[in-house]
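Summary of the model geometry
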Amino acid sequence: MTAATPHKSTPLSSNRPQTNPIEAMVQDSWSKIAPAWPLQNLILNSPLKGFETKPFETALFEACAFFELKELPPPLESINRQTIKYLTAFFDTTQTMLPLPMQALGLWKAFLKLAPMDQSLLASGAQRCAWLKTLPQDPKKAILKILALLTVPAPHQELFLRLMLTTLPGWTSHIQYRVDHAPEDKTSPPALQSAYLAVRLAITYLLWPKAGDLITWHKTNLQKTPKKSLKTMVSNENAYRDSLIQDIARADPPQQSSPPKAQLAFCIDVRSEPLRRHLEALGSYETFGCAGFFGIPLTIKHEDGQVDPSHPALFKAGETVHLRLMHETYLDQNLARLGQICRHVYTSMSQTFMGPFFLSGLIAPLCGLWSLVRTVCPRGAHALAIKMNPPRHPPQKILLSKPSLSLAQKTHYAEKFFRIMGLTKKFAPLVVLCGHGSQSVNNPQKTSLDCGACGGHHGGSHARILCDILNDHAVRAQLAKQSITIPADTFFVAAEHNTATDAVWIDTHHVPASHHQAIKNLEKDLHTAQLHTATERQRRGKANTGLSSIRRAQAKSAQWADVHGDAGLVRNASLIVGPRWLTQSISLKGRAFLHSYDPTIDQDGAILATILSSAMVVAQWINGHYLFSSLSPSTYGSGSRSTQNVMAGFGVMQGVSSDLMTGLSLESIHRGSKRESHETIRLLTMVYAPKEHVLKAITHNDTLRTLITHQWTHLICMDPRLKRFYTLKADLTWMPL
Amino acid sequence: MDGLFWMVLGLASIIGLVTLLFGIQHLAGKAARVRFVVGGAGALATLALLSAADSLLIFALTWIALNLCTYILMNHAPRWRAARTSASLLGRYLAASSLFLAVGFLILNHVDDGSLKDVVQNASLDPPVVVALLCIFMAAGIQMALWPAHRWLMATLNAPTPSMVIMQISILGAGVILLVRFAPLYVEAVYILWCLFTVGVLTSTLATLWSLIQNDVRCMLAYAAMAQMGFVTVLCGLGLFPAAMFHLCAFGLWQMYRLLSANASRRHASSPDALPKFGHILSGLFFGGVAAYIFSSLAGYAWWADDTTRFLSIVTIVGSTQLAIAVTNALTFWGKFPLAWIISATSGAVYGLFLKLATRVMPELYSDYPSPLCLWHMLGVIVMLTPWLLMFFRRALQNNALPDWVLKAYVFMWNAGQPSASVITPHRNQYNLKNP
């Protein structure tokens, strides 16, 4: 991740100058809203990100009063229904065949044009219609005008606007995403926040002229809101921390040993840990953990023009690479083309008048047969389906263009990658960079199971690009000048870990003959590790079927009825930053993010600061996402998968229509048994580094300092010099454990 | 146990097998699973029984049992307000349809008590029988979600996916079976047949429009189902009962697939067929004409007949034309025109063969009763065809200088296609299910 630090970005909204009081008021009202990413690239983050400026307990209480309301005033329900109706239609560019007219004018102007014709808003007739026509074209002016009409006193206006946002939190969060993270989106001009508030206020005035009462209602809610007990959570956290410390305390630094057969770098994702453990147990393999985009932020452009940002949300878009699907055989190529034509014809026939009647008569028997095959023979059906619609990631063969990087840039990325992982010497003959992605079908939130560091996409492309850089002799020569000498016989290979089945695909193209045997041996050992990992996972879930563990995992990931396939990051609990030997002998049960770090090569703590400022923040986002979806599933989760309704291609609703349901589905958190369900605990970061380096990293970074001082996350440190554990308290002092 | 029964049994078996297996896995570990298995199996079994029932009493009792089973499926989450009100809304509609059916059957029972076949063969069109037929039409219309009695269909969208499949297919299917069982009597009552045709045309056109406006997959599919029911009603109104039964089965299988795979619909690219080249439209129409000729020959209808079977030829022309245009748009090489011709001709042949098979399977009592074409029929066809042609110009909606009347019409239809307020979840905390 370090390689990209110069590009580090902050939300776009916070960069804008606040020129006048209304602008400041609008921005302040949005300050508590966390962004919610669309289905195309679902990045997990804490829904209470906006409350992190307050101590955890106070924030929970306040968030409860804003978000966890059992009932809304009845007129506000009608206002929400109308707001949902307008927003859904305005932002839909993929589902509907007859899009809302006037979309190009922007949200507020389109509303001003259409609302005077909307009889469902104008119950009392022409007077309201005339009023709508008098509203200013500038949404900020309109906000001021309507606030005055609603007789909201000036000191309460910001709170009133905030209530307008928090009473429809799903949509509000999605708009926050569009404003902060999708500037290229034509539907998200900078004024979107004001436009949304103006629309909401206008609807409010039309349907509930006495909405000023909302302030009193909120104050009553604040009085009624009970303080949440954190007893269970704290006891879970203490139990987990004590057990982790006990395990780590037993670890001994490795003695001098022979160089490993191969070194593998995995993503820090918790799902990598079991596979790494089982692979290491098979022989002399050394594994590392780092951010799954391997420090190279990319923007991937597909043949059809689709552009996928493939980098962590903390970073700006990186180098553009073009991705083209390749096919192993002529038959594969033709099947893919046939699939494309069939989908085109199907859409054309089914999305018009009269065509569907004829189409149903033609394809019904095929639909019945295909449904039956998908149900009883999911693996076969999936194999055929991906032939007709190949995925844009491994194991499908893909062709990637080379990013336009200078030698200096390539060397920079390479050096940072090695230093951050602590791999600067003793290179094995084979070094594998292993990205990851998941596989599930019929799951609208499937991108949340892919690599978050790659922006909710598969990470194999990043591995391939970095391997190309690291196999470049010119880059190696430059690295040698930085005292990173890569032996001539060391070869870097890209791979991708399928976290649903634990299969690892290795890119064997361009591998020199000298390494063929090593690759074969590695593939064999990876297959054994896959078997052990799948068996361990199924033992946790008490699954017991006649199928082998791997076959069962494959069948689940290909089954269209399944809602429990990839466990995702359920039960995530800690981030461990340190050398692998610390945890190598422990089964962390897939609960820990593992970032490799060697304190001996980080004299001033700069590398540690980089790791913590990225990995710790991202791990806390993910942990917060799971934590709050478990604490209050209806408020922060997205409900049951069986009643989810995909809306406009980018969000899900519940049932017929609802607010956008952000967060995890119930099936992602409650997974049948207690041992598999998520445990509500805050992230515990364990760092193996000198205390003063840790403290420096925390105090010099506003986000990290806030997270620690307000107890949104816990941090313990094992000082290598003292061999003792310390916990960092809220007042940023150390307490021995 | 006639051909109609075997058709319905085949449909219910495939849907039951796939959906129950799907649901058992999909709802694993959830409280709703037992309810789903009991209600789902019950609904499909009663649907098959309904098609076999030859006694008015047994038919009515099976009808009520089917409705009860679907109500059980719908009442899956009493803690979720929208699901609760959906169950209540559905219950009211189903109660109304059962009431209309009971009234109709009570009247018919005076004509000839006992066998349903005897009633439809022996009853003369006296005023009480006409009233009974109207009651039965009302019962079927509610059950088939025909406009304006379609609100319940949107309410089913608050059910788990597999339950929704079974509910939609069994409730809608029951309505079609009811209409077909009384086919010989409806053929006698020409004015009711015209009513059926008119309601069918309105339903299919409005529902297709609403399905194309929708922004989410479930609502789009619900309106697509309603449109199919409108089309089936049009076929009944034209006296083409085997075609109606065939389309019920085709709709059932297609809808099952679409609903069960609805969660995969993340990126639904809009059709690129807006305003194709004029040459493509002309060639498409020519290919469509050829396909319709092949269809008529294989289905056993006269080419461009003077009776209502011509309607099926028109459907084939439209469908094959659309298919040919889509194929020519999707392909780039020189041979696309011959290929489009072959594909559209094959589609006409396949459609014709399927309809022929359905006509063979259906008992003679429920076979085709084509009537001479009249102006009213042609008007209906124009109403259905015009929006199909207009769809090629739909990109014009993105013009920012649209006249007010177009905007008014859009907003009016947009609002008319919204689900009932009571079945929406306006605040996420009302979805207060804590466990799956």
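Here is a short report on the structure shown in this document. (Residues numbered from 1 in each chain as written. Chains lettered and ligands numbered in written order. Predicted model: local features only at pLDDT ≥ 70, side-chain atom pairs only at ≥ 80, totals over all residues. Heavy atoms only, no water.)

1. Things to note about the overall build of chain A
- Secondary structure summary: chain A contains 26 helices and 17 strands in total.
- Relative to the 2.2 N^0.38 estimate, which gives 27 Å for 737 residues, the radius of gyration of chain A is 27 Å and therefore close to what a compact globule would have.
- Considering only C-alpha atoms, chain A reaches an extent of 85 × 70 × 55 Å along its principal axes.
- Every one of the 737 residues in chain A was classed for burial, and the buried ones make up 64%.
- In chain A, the proportion of contacts linking residues at least 24 apart, taken out of those at least 6 apart, comes to 73%.
- For chain A, the accessible area works out to roughly 27000 Å², and carbon and sulfur atoms hold 55% of it. (Helix = DSSP H or I, 4+ residues; strand = E, 2+ residues; numbered from the N terminus. Rg over C-alpha atoms; globule rule 2.2 N^0.38 Å. Buried < 20%, exposed > 50% of the residue type's maximum accessible area, 1.4 Å probe, protein only. Contact = heavy atoms within 4.5 Å. Areas by Shrake-Rupley, 256 points an atom, 1.4 Å probe, with all protein chains shown as cover.)

2. Here's the deal with the sheet that holds strand β1 (residues 262-267) of chain A
Residues and elements named next belong to chain A.
- Read from one edge of the open sheet, 5 strands run β2-β1-β7-β8-β9, paired in mixed fashion. Bordering the open sheet on either side are β2 (285-290) and β9 (503-506), each of which pairs with just one other strand. Neighbour-to-neighbour, the strand axes of the sheet open up by a mean angle of 25°, direction not taken into account.
- Alignment of β1 against β2, held across 6 bridges, turns out to be parallel. Of the residues in β2, the one forming a bridge with Gln263 is Glu286.
- Sheet strands touched by helix α13 (residues 272-280): β1, β2, β8 (491-498) and β9. Its angle to β2, the strand with the most contacts, is close to 165°. (Pairing = 2+ DSSP bridges. Axes fitted to C-alpha atoms, helices over the stretch in contact; angles between N-to-C directions.)

3. Comments concerning the sheet that holds strand β4 (residues 307-310) of chain A
All names here are of chain A.
- The mixed open sheet is built from 4 strands, whose spatial order is β4-β3-β5-β6. A strand with exactly one partner marks an edge of an open sheet, and here the two such strands are β4 and β6 (398-400). On average, each strand axis in the sheet is tilted by 30° relative to the strand beside it, whichever way the strands run.
- The pairing of strand β5 (residues 319-325) with β6 spans 3 bridges and is classified as antiparallel. For Leu325, the partnering residue across the bridge sits in β6 and is Ile398.
- In the packing of helix α18 (residues 460-470) onto the sheet, contacts are made with β3 (298-302), β4, β5 and β6, and the angle to β6 comes to roughly 50°.

4. Observations regarding the pattern of salt bridges
- What the rule picks out here adds up to 31 salt bridges over all chains.
- The partner of Arg250 of chain A in a salt bridge is Asp247 of chain A, with the nearest N and O atoms 2.8 Å apart.
- Take Asp247 of chain A: its relative accessible area is 22%, and that puts it in the partly exposed class.
- In this structure, the salt-bridge partner of Arg721 of chain A is Asp719 of chain A, at a minimum N-O distance of 2.8 Å.
- Connected through shared salt-bridge partners, Glu71 and Glu77 of chain A together with Arg81 of chain B make up one network. (Salt bridge = Lys/Arg side-chain N within 4 Å of Asp/Glu carboxyl O.)

5. Overview of helix α13 (residues 278-299) of chain B
Residue and element names in this part refer to chain B.
- With 22 residues, α13 extends 31 Å from end C-alpha to end C-alpha; this agrees with the ideal 32 Å at 1.5 Å per step.
- All of the buried residues along α13 are His280, Ile281, Ser283, Gly284, Phe287, Gly288, Gly289, Ala291, Ala292, Phe295, Ser296 and Ala299.
- Packed against the buried residues of α13 are α14 (310-330) and α15 (336-361).
- Downstream of α13 by a residue or two, Gly300 has a phi angle that is positive, lying close to 90°. (Expected span 1.5 Å × (residues − 1).)

6. Examining the interface of chain B and chain A
- At the interface, 109 residues of chain B touch 109 residues of chain A.
- Where chain B meets chain A, there are 3 salt bridges.
- Across the pair Glu667 of chain A and Lys30 of chain B runs a salt bridge, and its minimum N-O distance is 2.5 Å.
- Across the chain B-chain A interface, the total number found is 46 residue pairs in polar contact (both at pLDDT 80 or more).
- Where the side of chain B that touches chain A is concerned, the elements lending two or more residues are α1 (3-26), α10 (190-213), α11 (217-237), α12 (241-260), α14, α15, α16 (375-390) and α17 (404-416) of chain B.
- Counting residues per element, the side of chain B that touches chain A draws most heavily on α14 of chain B, at 11 residues.
- Residues belonging to the side of chain B that touches chain A are distributed by class as follows: 59 nonpolar, 37 polar and 13 charged. (Polar contact = N/O pair within 3.5 Å; in protein donor to acceptor, adjacent residues only side chain to side chain. Nonpolar A, V, L, I, M, F, W, Y, C, P; charged D, E, K, R; others polar.)

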